[in-house]
Amino acid sequence: MDRSLMLDGFVVNDNAPCYLVAEIGLNHQGSRDTALKLMDAAKASGAHAVKFQKRDPRKLLTREFYDAPYPGEHSLGATYGEHREALELSAEDYEALIEHGRELGITVFATPFDEPSADLLNELGMPFFKIASADLRNRPLQKRIASFGKPVILSTGGGSMDDVRRAYGALAAGHVPVAILQCTACYPVRDLTSMNLRVIESYRRVFPCVVGLSDHECGVALPLVAYGLGARIVEKHFTLDRTMRGPDHKASIEPAEFAALARSLRDAHEALGSGIKLPQQCEEPAMEKLSKKIVAARDLPAGHVIGLDDLAYKSPGNGGLPPVHADAVLGRALTRTLVMDDAVTFDMLAPPSEEA
């Protein structure tokens, strides 16, 4: 099956390195300058792309929800709506981020949470889109995003396989390339069993597309497991400082951790190899030193017919026959004298027709 997806010039497929996304999300705290610093840190840490989130809180939230009091240490406003407004970047901010991405050589894209935000991001030239787990059942938004004709990455937290099938079908009907990410919508994930990484294998059996992981766990080891299971996109929340105010910092990793993850994923790609079992050049010294060859167990005269007690198996393994050939040596006559520990080779054995 040819699973392949082009993301802003980067080919993602089963044989490709992992496409690593730094999910900045709302960790910029509504500040363009902080967003730019996060982009710089993400690029330096090895990310292929940075992802933001775009909402229109007035259109997205009910009036009651918008006006609901929102106290707490991570609140940026008196009401939930004010808090959400404080976290938003403007169209002008996004233009600056996109331009900075071009200068850095890192892709900028975003998750729209409502149709007006999707339209805005499309007008700004997003190369592809992300659909959040919260919109796995939002057919109208899925169809709107598919109408742009650009690749879509679909997160699947909080859903069943039937939900994922429906969402994939809605996007595929729009004839856009799709990638599906296993996701657990907890921020952060504390119960590791809830990550259910084997769903990655299930998705690969069910869907003919690139599969990945949107990871909300605070470590860096599990994306490597996901890559080994077939995930070729990994998205990880990213922050400059996990102690900052805001909703997602605690589910994020910092630049040094992200850089370690990027290195490990590159190593994992190289280490997976081709799947064809062959001797490796680097193994030759150890195999020569530690493997064994067939040797004479004692002094043997020419014409002697070799029996089981005449053979021993000793290191180093070079210059003789490996023990796998012992059966082919037994019962054959020697054409010359051997002393103890001499290697036994086929050229010193009489052909079967000449054996005594």
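Computed from a predicted model, the values in this text were never measured in an experiment. (Residues numbered from 1 in each chain as written. Predicted model: local features only at pLDDT ≥ 70, side-chain atom pairs only at ≥ 80, totals over all residues. Heavy atoms only, no water.)

Participant: Explanation requested: the packing of helix 8 (residues 161-173) against helix 9 (residues 199-206) in the structure shown.
Facilitator: When two helices pack together, their arrangement is captured by the angle between the axes and the distance separating the axes. Look at helix 8 against helix 9: their axes get within 12 Å of each other, and the N-to-C directions meet at 45°. Classified by the interaxial angle, the pair formed by helix 8 and helix 9 is oblique. Helix-helix and strand crossings are classified by hand; for helix 8 and helix 9 the assignment is right-handed. Contact residues: Met161, Val164 and Arg165 in helix 8; Ser202, Tyr203 and Val206 in helix 9. The residue makeup of the contact of helix 8 with helix 9, split by class, is 4 nonpolar, 1 polar and 1 charged. (Axes fitted to C-alpha atoms, helices over the stretch in contact; angles between N-to-C directions. Helix = DSSP H or I, 4+ residues; strand = E, 2+ residues; numbered from the N terminus. Parallel < 35°, antiparallel > 145°, perpendicular 65-115°, else oblique. Left-handed = near helix turned anticlockwise from the far one by under 90°. Contact = heavy atoms within 4.5 Å. Nonpolar A, V, L, I, M, F, W, Y, C, P; charged D, E, K, R; others polar.)

Participant: Help me understand the side chain of Asn27, please; the structure alone is not making it clear to me.
Facilitator: Secondary-structure assignment places Asn27 in the loop between strand 3 (19-25) and helix 1 (32-44). The exposure class assigned to Asn27 is buried, which follows from its relative accessible area of 1%. Separated by 3.5 Å, the side chains of Asn27 and His249 make a polar contact. Not counting residues up to four positions away in its chain, the partners in contact with Asn27 are Thr34, Leu38, Phe238, Thr239, Met244, Asp248, His249 and Ser252. (Buried < 20%, exposed > 50% of the residue type's maximum accessible area, 1.4 Å probe, protein only. Polar contact = N/O pair within 3.5 Å; in protein donor to acceptor, adjacent residues only side chain to side chain.)

Participant: For this particular structure, what's the right way to read the layout of surface pockets?
Facilitator: If a probe the size of a water molecule is rolled over the atoms, the empty space left behind becomes visible. Taken as a whole, the largest pocket holds about 370 Å³ of empty space. Taken together, 24 residues line the largest pocket, and the ones lying closest to its centre are Gln53, Arg55, Phe113, Ala132 and Tyr187. Of all the secondary-structure elements, those providing two or more residues to the lining of the largest pocket are strand 4 (49-54), helix 4 (80-86) and strand 10 (233-237). Tallied by class, the residues present in the lining of the largest pocket amount to 10 nonpolar, 7 polar and 7 charged. The calculated volume of the second largest pocket comes to roughly 160 Å³. Lining the second largest pocket are Asp8, Ile98, Gly101, Arg102, Gly105, Ile106, Thr107, Val108, Gly125 and Pro127. Within the residue set of the lining of the second largest pocket, elements represented by two or more residues are helix 5 (91-104) and strand 5 (107-112). Counting residues per element, the lining of the second largest pocket draws most heavily on helix 5, which supplies 3 residues. Its residues assigned to classes, the lining of the second largest pocket comprises 4 nonpolar, 4 polar and 2 charged. (1 Å grid on protein atoms, 1.4 Å probe; cavity = no way out; pocket = protein on both sides within 12 Å on 5 of 7 lines; lining within 4 Å. Points joined across faces, edges and corners; volume = space filled by probe spheres on them.)

Participant: Would you take a moment to explain the nonpolar core for this structure?
Facilitator: Generally speaking, soluble globular proteins have nonpolar side chains that are buried together. In this structure, Val50, Phe52 and Ile233 are the most contacted members of the largest nonpolar core, which totals 74 residues. Of all hydrophobic cores here, the second largest spans 13 residues; its members include Ile294, Ile306, Leu311 and Val344. (Core = buried A, V, L, I, M, F, W, Y, C linked by side-chain atoms within 4.5 Å.)

Participant: Would you mind showing me how to read unusual backbone geometry here?
Facilitator: Where the residue is not glycine, phi is negative for most of them; where a peptide bond is considered, it is trans in most cases. That bond from Tyr187 to Pro188 is cis: its omega, 0°, falls within 30 degrees of zero. Looking along the chain, the bond that leaves Ser315 and enters Pro316 is cis, with omega of 0°. For His175, which is not a glycine, the phi torsion comes out positive at approximately 60°. Of note, His175 is situated in the loop between helix 8 and strand 8 (178-183). The backbone of Asn196 shows a phi angle near 45°, a positive value even though the residue is not glycine. With relative accessibility at 43%, the residue Asn196 sits in the partly exposed group.

Purely geometric stuff here, so don't read any function into it on its own.
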